[in-house]
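A look at the structure
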Amino acid sequence: MHTQVGIIGAGPAGLMLSHLLHLEGIKSIVLEDRSRGYVENRIRAGVLEQNTVDMLTDSGVGERMKREGMVHHGVELRFGGQGHRIDMYELTGGRAITVYGQHEVVKDLIRTRLDADGQILFEAEAVSVHDLDTSTPKIHFQKDDEDQELTCDVIAGCDGFHGVCRPSIPEGVLTVYERKYPFAWLGILAETPPSSEELIYTYHERGFALHSMRSPELTRLYIQCDPDDDIQDWSDERIWEELHTRLATEEGWALTEGPILEEGRSITPMRSFLVEPMQYGRLFLAGDAAHVVTPTGAKGMNLAVADVRVLAQALAEFYESGRTSLLDRYSETCLHRVWRAQHFSWWMTSMLHRFDDEDVFRHRLQLAELDYVASSQTAAATLAENYVGLPMDYWD
Ligand code: RFL
Ligand code: PHB
């Protein structure tokens, strides 16, 4: 089997890349370990920054998002029993976020690729990658219990944090940056209308809580928990009690409860992770395969699609003229944005989570910082412009 670009992974990065390449007349095959049903129902991110919305719209896959996505102009910071609205729209000269589930983006991209006769092989596990430093790299994969080989000009490693591509790069090539945090997020999806029109990021003595949503009927909620917690130990009653306590306000804000859906229940450890460079020979890493940010900044999926936009443009130049100037700069170009997002995500995480109960000084510093962001236009503008996403040409 042969194609121009062999893509491993049908998450937002791999699917968007395949779609953008198709628009440039470049052929690709996507190999995905899981079934179509699995990737289309995997509940993950929900916040699209303006760049992502623009990219989906401009490339012709934004129609359902425009109809069903919820445009938010503001976000709330809640601490000390009080809410403080950050008017992102006003502070950024008219930029906003759109709340639309990652799995909905994945569904839209899969349908668009298949309608255009694109090749996505589901339940095809890439086992190993070979000849990365030659002009004919190869992917060995298994489908229907058979070993198969895909040869290509370029491999795009869009296979997420646990994929096969990054570990295949020879030792000594990559510099790894990593930070683990002493907490995790317990996430749930509840069948109940959101209790607020906008997202609420809460800092409470008992830990972080986030009120988000997926639709007018579905609420997405997260609470900070211990990374070693067993999900079985979190009964529905305990989850709701903790959410009520952390999200409570002095004015008596009410959180509406509803049945918790099994598919949305998860515990996610917090980590910041990044490798440099994001390339080795003809292998290019994109999205979570190259970097993971803490979810507090809502940047992971947005970075994944920003990476592949850079990669698609570089590959377009390569196939049109044989030049590799953009491909050679791929990693450097992406890493400006990735490091900015790493910092923003780390900052939001540091400001909004309970670290050490004994460290009262740190707790007071966090409150002082929140107070500053909530009351200073300048500080609020920093949060707003990062949250809605810096424009794609910001570093040009
Ligand atoms: P993905 O989505 O992990 O896709 C990788 C795909 O590769 C497949 N795969 C393989 N296929 C074939 N052969 C192999 N050997 C393979 N190994 C792996 C996998 O099955 C999978 O389908 O990576 P991608 O495309 O880079 O996308 C990254 C995003 O998924 C991720 O960054 C976001 O979900 C992070 N994230 C958030 N990002 C946002 O932008 N906004 C948010 O609001 C947001 N909230 C979140 C989040 C992630 C969370 N969790 C669960 C980690 C909230 C949470 C709780
Ligand atoms: C979500 O809705 O899943 C979500 C929203 C904001 C975040 C993280 C996750 O920062």
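Everything numeric here is computed off the predicted structure, so don't read it as measured data. (Residues numbered from 1 in each chain as written. Chains lettered and ligands numbered in written order. Predicted model: local features only at pLDDT ≥ 70, side-chain atom pairs only at ≥ 80, totals over all residues. Heavy atoms only, no water.)

Thoughts on empty space enclosed by the protein
To find leftover empty space, one rolls a probe the size of a water molecule over the atoms. This model, assessed by the stated rule, comprises one cavity of 30 Å³ or more. Of the pockets and cavities examined, the largest cavity occupies roughly 100 Å³. Taken together, 13 residues line the largest cavity, and the ones lying closest to its centre are Glu49, Lys299, Arg337, Ala341 and Leu390. At the level of secondary structure, the elements contributing two or more residues to the lining of the largest cavity comprise α8 (300-321) and α10 (330-352). Each residue belonging to the lining of the largest cavity can be placed in one class, and the counts come to six nonpolar, three polar and four charged. (1 Å grid on protein atoms, 1.4 Å probe; cavity = no way out; pocket = protein on both sides within 12 Å on 5 of 7 lines; lining within 4 Å. Points joined across faces, edges and corners; volume = space filled by probe spheres on them. Helix = DSSP H or I, 4+ residues; strand = E, 2+ residues; numbered from the N terminus. Nonpolar A, V, L, I, M, F, W, Y, C, P; charged D, E, K, R; others polar.)

Quick notes on the layout of surface pockets
Taken as a whole, the second largest pocket holds about 430 Å³ of empty space. Contributing to the lining of the second largest pocket are 17 residues, with Val310, Thr333, Cys334, Met392 and Asp396 lying nearest its centre. If you list the elements that add at least two residues to the lining of the second largest pocket, you get α8 and α10. Among the elements that make up the lining of the second largest pocket, the one with the highest residue count is α8 (six residues).

Some points on the domain arrangement of the chain
According to the domain assignment, the chain consists of domain 1 (5-46 + 101-174 + 277-354) and domain 2 (179-270). Each of domain 1 and domain 2 was reduced to a C-alpha centroid, and the two centroids are 30 Å apart. Between domain 1 and domain 2, the residue contacts involve 16 residues of the former and 19 residues of the latter. Interface area for domain 1 against domain 2, summed over the two sides, is near 1500 Å², with a carbon-plus-sulfur share of 64%. For the domain 1 face of the interface with domain 2, the top three residues by lost area are Ile43, His353 and Arg354, together amounting to 41%. Summed over the shared surface of domain 1 and domain 2, the number is zero salt bridges. Applying the counting rule to domain 1 against domain 2 returns five residue pairs in polar contact (both at pLDDT 80 or more). In terms of residue class, the side of domain 1 that touches domain 2 is built from eight nonpolar, six polar and two charged. (Domains from an automatic or database assignment. Contact = heavy atoms within 4.5 Å. Buried area = accessible area lost by both parts, 1.4 Å probe. Salt bridge = Lys/Arg side-chain N within 4 Å of Asp/Glu carboxyl O. Polar contact = N/O pair within 3.5 Å; in protein donor to acceptor, adjacent residues only side chain to side chain.)

Points about the environment of leucine 21
Mapping leucine 21 onto the fold places it in helix α1 (residues 12-23). Between the C-alpha atoms of leucine 21 and glutamine 313, which are 292 residues apart in sequence, the distance is 8.5 Å. Among all residues touching leucine 21, those that are not within four sequence positions of it are Val5, Ile7, Ile26, Ser28, Ala312 and Leu315.

Some remarks on the site of ligand 2
The environment of ligand 2 is made up of 14 residues, and the closest members are Tyr201, Ser212, Arg214, Tyr222 and Pro295. Serine 212 places a side-chain nitrogen or oxygen 2.6 Å from an oxygen atom of ligand 2. Measuring from an oxygen atom of ligand 2, one finds a side-chain N or O atom of tyrosine 222 at 2.6 Å. Counting only elements with at least two residues in the shell around ligand 2, the list comes to β15 (209-215) and β16 (218-225). Top contributing element to the shell around ligand 2 by residue count: β15, with three residues. By residue class, the composition of the shell around ligand 2 is eight nonpolar, three polar and three charged. Among the domains, domain 1 (5-46 + 101-174 + 277-354) and domain 2 (179-270) are the pair contributing at least three residues each to the shell around ligand 2. (Near = heavy atom within 4 Å.)

Thoughts on the packing of helix α11 (residues 360-375) against helix α12 (residues 377-388)
Running from amino to carboxyl end, α11 crosses α12 at an angle of 95 degrees, the nearest separation of the two axes being 5 Å. The orientation of α11 relative to α12 falls into the category roughly perpendicular. Across from Tyr372, Val373 and Ser375 in α11, the residues of α12 making contact are Gln377, Ala379, Ala380 and Leu383. Residues that form the contact of α11 with α12 fall into these classes: five nonpolar, two polar and no charged. (Axes fitted to C-alpha atoms, helices over the stretch in contact; angles between N-to-C directions. Parallel < 35°, antiparallel > 145°, perpendicular 65-115°, else oblique.)

Remarks on the nonpolar core
Ranked by size, the top nonpolar core spans 75 residues in total, and within it Leu17 and Ile139 carry the most contacts. Counting residues per element, this core draws most heavily on α8, at 11 residues. For isoleucine 139, the residues in contact, after removing those within four places along its chain, are Gly6, Ile8, Leu31, Ala126, Ser128, Val129, Gln148, Glu149, Leu150, Cys152 and Ile155. (Core = buried A, V, L, I, M, F, W, Y, C linked by side-chain atoms within 4.5 Å. Buried < 20%, exposed > 50% of the residue type's maximum accessible area, 1.4 Å probe, protein only.)

Digging into the sheet that holds strand β3 (residues 47-48)
Strand order in the open sheet formed by three strands is β3-β7-β4, and the pairing between neighbours is antiparallel. Pairing within the sheet leaves two strands with one partner each, and these edge strands are β3 and β4 (70-72). (Pairing = 2+ DSSP bridges.)

Describing the pattern of salt bridges
In total, this model carries 19 salt bridges according to the counting rule given. For the salt bridge of arginine 265 with aspartate 236, the shortest nitrogen-to-oxygen distance reads 3.0 Å. Of this pair, arginine 265 sits in strand β17 (residues 260-276) while aspartate 236 sits in helix α7 (residues 236-247), and the two are 29 residues apart along the sequence. Exposure remark for aspartate 236: the relative accessible area of 28% places this residue in the partly exposed category. The partner of arginine 323 in a salt bridge is glutamate 317, and the shortest N-O contact between them spans 3.9 Å. The class of arginine 323 is exposed, set by a relative accessible area of 51%. By relative accessible area, which is 14% here, glutamate 317 ends up buried. Residues joined in a network through salt bridges with shared partners are Arg64, Glu68, Glu104, Lys107 and Asp108.

Remarks on a negative patch on the surface
Judged by side-chain charge, Asp33, Glu123, Glu125, Asp144, Asp145, Glu146 and Asp147 come together as a negatively charged surface patch. Along the chain, aspartate 33 falls in the loop between β2 (28-31) and α2 (36-40). A relative accessible area of 42% means that aspartate 33 is categorised as partly exposed. (Patch = residues over 30% accessible without salt bridge, like charges linked within 9 Å, V, L, I, M, F, W, Y side chains within 5 Å. Areas by Shrake-Rupley, 256 points an atom, 1.4 Å probe, with all protein chains shown as cover. Lys, Arg positive; Asp, Glu negative; His and termini not counted. Charge placed at Lys NZ, Arg CZ, Asp CG, Glu CD.)

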